Amino acid sequence: MRGSRKSVTGLVLSWLVLLAGCSGGDGTTDAAPSPVPGTAYAPYVSADTASGTDSAGSPAAYNLAFVISADGDCVPSWDGIHDIGTETVAARIAGLRESGADVRVSFGGASGEELGAACDSAEALAEAYGTALDAAGTDLADFDIEGDELSDSASVDRRSEAIALLQEERGELEVSFTLPVMPSGLDEHGLALLESAGDHGVDVATVNIMTMNYGESYDGDMGEYALASARAAHGQLREVFGLSSAKAWRGLAITSMLGVNDVEGETFTLADAAEVRGFAAEKGVAWVSMWSAFRDRQCGEDASAADALTKCSGVSQEDGAFGEAFSG
């Protein structure tokens, strides 16, 4: 475990309040705790382009991908292309909400520059994040931190400070961190990020693990790898934050990359999706997701390998079948 239990007190208390309800002064739970809600389905979707498979499985929430820096400046933009207040995205969000679903703004991702690296102060960063959340009209924020930015301790701490500032201003702000994982669990950088969040008093609702892209040596059953990753991360959350087993499961989310993955030999099937969904529901995982709703369809005969990673699944399926599998 990195650091002491004291260093993550803010995060621990957040999860205890969120997941366990109020407790008595002796540490025991008052009366009957609130029942734990079921596992939600919340796919990643394009922020600016609608897909016919977005609504498959009737998502409870949509993760809007992605808000990043505009031209390397401390200015939020959708995919580095659209101004944060563009009417195109506003209309898209309104359409997604018509079913009653929530929307969660996802900051970061694998491409472009995350705002935490572009802004030079926590105050400026908090303002940039807040601008994006206001444009989307939501208090749900996801921070997808991967690649070089995950190991950049300066931007990690700046981001933690900025999120803490935002939560002081916005009492309803719910935060998730989306992090890479291996079947052996989160790496040292992922754990350090969570420790930084705790050190700065960030209230974290969920740690969302990306069960994908493990490497060429992992060419076996992708469903089993996802379950192994979840079990390992669950154990890490228990150890680092001192949570009970049930609370650690509820503080976890699982995101898989449907169909073919970036790593050759990794193919996540419909059977794998059903297995992950069943496991998550059994354990009480907060939500399951996939990358992405717009890929939830079979590729055409003339599709390229690149198409199978960006526009379709690369496996035989009916349109929306992964969404149905993940929703249970």
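In the nomenclature of an unreviewed UniProt entry, the protein chain corresponds to Chitinase from the organism Streptomyces edwardsiae.

Caption draft 1: Broad picture of the nonpolar core. Within the largest apolar cluster, 77 residues are counted, with the highest numbers of intra-cluster contacts made by Phe 107, Tyr 129, Phe 143, Phe 177, Leu 179, Leu 194 and Phe 326. If you tally residues by element for this core, the top one is helix H7 (residues 222-241), at nine residues. When residues no more than four places from it in sequence are discounted, the contact partners of Phe 143 are Phe 107, Tyr 129, Arg 159, Ile 163, Val 175, Ser 176, Phe 177 and Thr 178. One finds Ala 42, Ala 61, Ala 286 and Trp 287 within the second-largest nonpolar core, a separate group that totals five residues.

Caption draft 2: Focus on the pattern of salt bridges. Scanning the entire structure with this criterion turns up four salt bridges. Among the salt bridges present, the one from Asp 54 reaches Arg 92, with a minimum N-O distance of 2.9 Å. In this pair, Asp 54 sits in the loop between strand E2 (44-46) and strand E3 (61-69) while Arg 92 sits in helix H2 (residues 87-97), placing the two residues 38 residues apart along the sequence. The class of Asp 54 is buried, set by a relative accessible area of 5%. The closest approach of N and O atoms between Glu 114 and Arg 159, which form a salt bridge, is 2.9 Å. Pair noted here: Glu 114 is in the loop between strand E6 (102-108) and helix H3 (115-118) and Arg 159 is in helix H5 (residues 153-169), with a separation of 45 residues, a long-range link. By relative accessible area, which is 1% here, Glu 114 ends up buried.

Caption draft 3: Just the pairing of strand E8 (residues 174-180), in detail. Counted residue by residue, E8 has five buried out of seven residues, so it is predominantly covered. Pairing of strand E7 (residues 140-144) with E8, which is carried by five bridges, proceeds in the parallel orientation. Bridge pairing links Phe 143 to Phe 177 in E8. In the classification by handedness, the crossover that spans E7, the intervening H5 and the parallel E8 is right-handed. Inspection of the sheet shows E8 paired to strand E9 (residues 204-211) by six bridges, in the parallel sense. For Phe 177, the partnering residue across the bridge sits in E9 and is Val 207. Following the backbone out of E8, through helix H6 (residues 188-199) and into the adjacent parallel E9, one traces a crossover that is right-handed.

The rules behind each value
- Residues numbered from 1 in each chain as written.
- Predicted model: local features only at pLDDT ≥ 70, side-chain atom pairs only at ≥ 80, totals over all residues.
- Heavy atoms only, no water.
- Core = buried A, V, L, I, M, F, W, Y, C linked by side-chain atoms within 4.5 Å.
- Buried < 20%, exposed > 50% of the residue type's maximum accessible area, 1.4 Å probe, protein only.
- Helix = DSSP H or I, 4+ residues; strand = E, 2+ residues; numbered from the N terminus.
- Contact = heavy atoms within 4.5 Å.
- Salt bridge = Lys/Arg side-chain N within 4 Å of Asp/Glu carboxyl O.
- Pairing = 2+ DSSP bridges.
- Right-handed = clockwise from strand over helix to strand, strands pointing away.

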